[in-house]
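Geometric and topological summary
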Amino acid sequence: MRYRQLTTGTLALGVLLLIDVLRVWLPGIITIFGQAASTPAELMGAFALGWFVLAMGAPAVVRRVGARPVTVVAAVALAVARLALTAAPGGRTQLWLATAGLLAGLVWLVGVAADTDRPVPGLALGFAVNAAVHAVLDTVDLVWRGDWVAWLLSAAAVAVFLAGTAQPGQRGGAGDALAGPADAPVGPADAPAGPGGGRAWLLAGPALLLAGMVALSPALARTGMSYLVAGDGVARSPLFGLAPVPVAVAGFLCAALTRPPRGWGRAYGPVALLGGAVLFALDRGDLLLPAILLAAVGLGACLALTDDASQPASDTASADTAGGGSASRRGYAVAAGMLVFALGAVGYYSAYDLGYPNAAVPVVVAVLIAAVAFTARPVVHRLPGPFPPLRAAAAVTALALLAPVLADEVPVASNRNGPPERLTVVAYNIRMGFGLDGRFDLTGLAEVVDRQRPDVVLLSEVDRAWLLNGGHDTLDLLSDRLGMPYVFGPAADPVWGDAVLSRWPVRDPRTLPLAAVGAPTGAQALAVTLDLGDGVRTAVVSTHLQPPPGKGPVVQARAVADFATRYAAGRPLVVAGDLNTEPGDEAFAEFTRAGLVDALAAARPLATSPADDPRQQIDHIFVSPGLTPGDPVAPRSTASDHLPVAVTVTLPPR
């Protein structure tokens, strides 16, 4: 029994380390390899897929060299890469460390698959523990923190993983329970891996994709909660935004680790998973929470259907031969499943660069998982797992329950000291929170904004849960650091868009979807009203214009200018964001034609992009004639690929 527990625990810990590496490697495709969006999306996709295709050769290496040497070497490489990434070196070094860790992790999975015929408990625990830890850390993983606590915990995880891998005679699965009494030592000769496990290993990659995108995403859970607070298609700072995470974790683990029902009751998992994937694909913020909970339970139940550990491994020569063939099949199954992960991730997220519909991707992946699970042979005499299901689920859920207590903060706005004479406005394209060196740099973003002592901050390129960018809720994290509650307007989908953070209470939020006009990424305009006290109101509009190929964003600029002036209805008005247009361009002129004033005119030229060598003036602040702008500035920082712009406006006398 203790070998079964050791094998399962080591697999779970290795999965956790691999996901940590993926949370660094995936954003590196865009922020480091992608060279600030100048690299074609097709080339970035080829780079991403190439490593997963290369891993398809690992089963042949395992067959020739043996599973154990390959597993041990790959585990050491994965552990070293994961620990080295804790230094967050940035740049090419970070990208290639993460790439080495990814490839090592894929090869390690293949090696483990050869010797493990019952992976479901380890995979399920790995997914669930990673989600719980990610939530407790407020979606900023240890790999991005770099302080002594992060080093200590990372080193401990790596040490335990390597110690588990180094134990001789690890064989996973059904045979372990039959080799002798539950408390008897079990050796490698006593418990060779059985012939099963192929379906479960095939689902490792697709399950990882849906877990990271939907079912076990803490950032998505908090985003879903934030839509329930506001309604009307926008999102606000929620109270206990991570509360759905323990529910999703508990549902997932209980479904994955307990015996599935018989007969047509087996269909509940596939049906729930498909329902969750469809709700997620509808791109509606108010449907995110039911999508998460359905997908979590459904994904766990589908994994349970493939947990076919019921056939004892035989000591006969024929069984040994069959076991060798099964080991090879399991290796190819997990490699193919991880390739599905890569294809799904690349296919889904590259749509935002290339402009094709992507809603079918999570649904197709869910259909694949459901089909593989539902067509699995029902197990009549299912062997007990290495850990009691309810105790294991309760332990991980208890960890996840810490997240709403430790990681949730809700900044509060107040107008008790108002109305003010002046407002300081900052507009910033934050590039999902990643700096020019590819590091997730919340500290740099918060510092450059906070130095301006802003009253209102308008953010562009706000990512709240994309797996491609590491699964962070960048908006909530910045809101906490700046002590300013937010309103969020979705653009490309419910978790990507623009936001307004304000020290003053915000009223009447509205969002206007903008016509794509050939630009692949969605765009919107978010309007809010600042309640400055004593009946004084100021309208603020945050937007990020997306120009069509080879043209300026004239159509979108005209729509935003018209929307903003109608929304303000004569009140003081501020319009700002990454407008992707230069002074003098036709799109820029749409705002001045609407009667707005360039608040940065006194500092022109004021280039803001790229941040390390600014040449383009594409980030702007416009104000209505009743507001008097002063002190325009674009403070230097490499926490994003843009510089922020800031201005202090004097309100009209009352």
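First, a word on scope: everything that follows refers to the structure included in this document.

Rules used throughout
- Residues numbered from 1 in each chain as written.
- Predicted model: local features only at pLDDT ≥ 70, side-chain atom pairs only at ≥ 80, totals over all residues.
- Heavy atoms only, no water.
- Helix = DSSP H or I, 4+ residues; strand = E, 2+ residues; numbered from the N terminus.
- Rg over C-alpha atoms; globule rule 2.2 N^0.38 Å.
- Contact = heavy atoms within 4.5 Å.
- Areas by Shrake-Rupley, 256 points an atom, 1.4 Å probe, with all protein chains shown as cover.
- Lys, Arg positive; Asp, Glu negative; His and termini not counted.
- Charge placed at Lys NZ, Arg CZ, Asp CG, Glu CD.
- 1 Å grid on protein atoms, 1.4 Å probe; cavity = no way out; pocket = protein on both sides within 12 Å on 5 of 7 lines; lining within 4 Å.
- Points joined across faces, edges and corners; volume = space filled by probe spheres on them.
- Core = buried A, V, L, I, M, F, W, Y, C linked by side-chain atoms within 4.5 Å.
- Buried < 20%, exposed > 50% of the residue type's maximum accessible area, 1.4 Å probe, protein only.
- Nonpolar A, V, L, I, M, F, W, Y, C, P; charged D, E, K, R; others polar.

**Looking at the overall build of the protein chain**
Per the secondary structure count, the protein chain includes 22 helices and 13 strands. What you see for the protein chain is a C-alpha radius of gyration of 26 Å, in line with the 26 Å of a compact globule of 654 residues. Judged by the C-alpha coordinates and their principal axes, the protein chain covers about 90 × 45 × 45 Å. Residue pairs at least 24 apart in sequence account for 78% of intrachain contacts in the protein chain once pairs closer than 6 positions are excluded. As presented, the protein chain carries roughly 23,300 Å² of accessible surface, and 62% of it is formed by carbon and sulfur atoms. Side-chain charges of the protein chain comprise 44 positive and 48 negative groups, with the mean position of each set lying 6 Å from the other.

**Here's the deal with empty space enclosed by the protein**
Taken as a whole and judged by the stated rule, the model has 10 cavities of 30 Å³ or more. By volume, the largest cavity is sized at about 120 Å³. In this structure, the largest cavity is lined by 13 residues; those nearest its centre are I19, R23, N130, L208 and G212. For the lining of the largest cavity, the secondary structure elements donating two or more residues are α1 (2–33), α6 (120–136) and α10 (204–215). Examining the composition of the lining of the largest cavity, we find that four residues originate from one element, α1, more than from any other.

**Section: the nonpolar core**
Counting residues in each nonpolar core, the largest one holds 154 residues, and the members touching the most others are W25, W201, F252, L253 and L459. Tallying contributions element by element places α1 first for this core, with 16 residues. Among all residues touching W25, those that are not within four sequence positions of it are F47, A48, W51, F52, L95, A98, T99 and L102. Within the second largest apolar cluster, 31 residues are counted, among which are V500, L526, V528 and A576.

**Observations regarding helix α22 (residues 586–593)**
Burial in α22 covers these residues: A587, F588, A589, E590 and F591. On its buried face, α22 is in contact with α21 (554–568), β9 (573–578), β10 (597–598) and β11 (619–623). Looking one or two places after α22, you find G595, whose phi comes out positive at around 95°.

**Topic: unusual backbone geometry**
With the exception of glycine, the majority of residues adopt a negative phi angle, and the majority of peptide bonds are in the trans configuration. Along the chain, G418 connects to P419 via a cis peptide bond; the corresponding omega equals -5°. Tracing the chain through its elements places P419 in the loop between α18 (389–406) and β2 (422–429). In this structure, P605 follows R604 across a cis peptide bond, with omega equal to -5°. With respect to the helices and strands, the residue P605 is situated in the loop between β10 and β11. One non-glycine residue with positive phi stands out, namely T139, at about 70°.

**Brief notes about the layout of surface pockets**
Looking at the second largest pocket, its volume works out to about 450 Å³. In terms of lining residues, the second largest pocket is bounded by 24 residues, among which L13, L16, V129, V133 and A157 are the most central. Those elements giving two or more residues to the lining of the second largest pocket turn out to be α1, α6 and α7 (148–166). Residue contributions to the lining of the second largest pocket peak at eight residues, all from α1. Of the residues contributing to the lining of the second largest pocket, the split by class is 14 nonpolar, seven polar and three charged.

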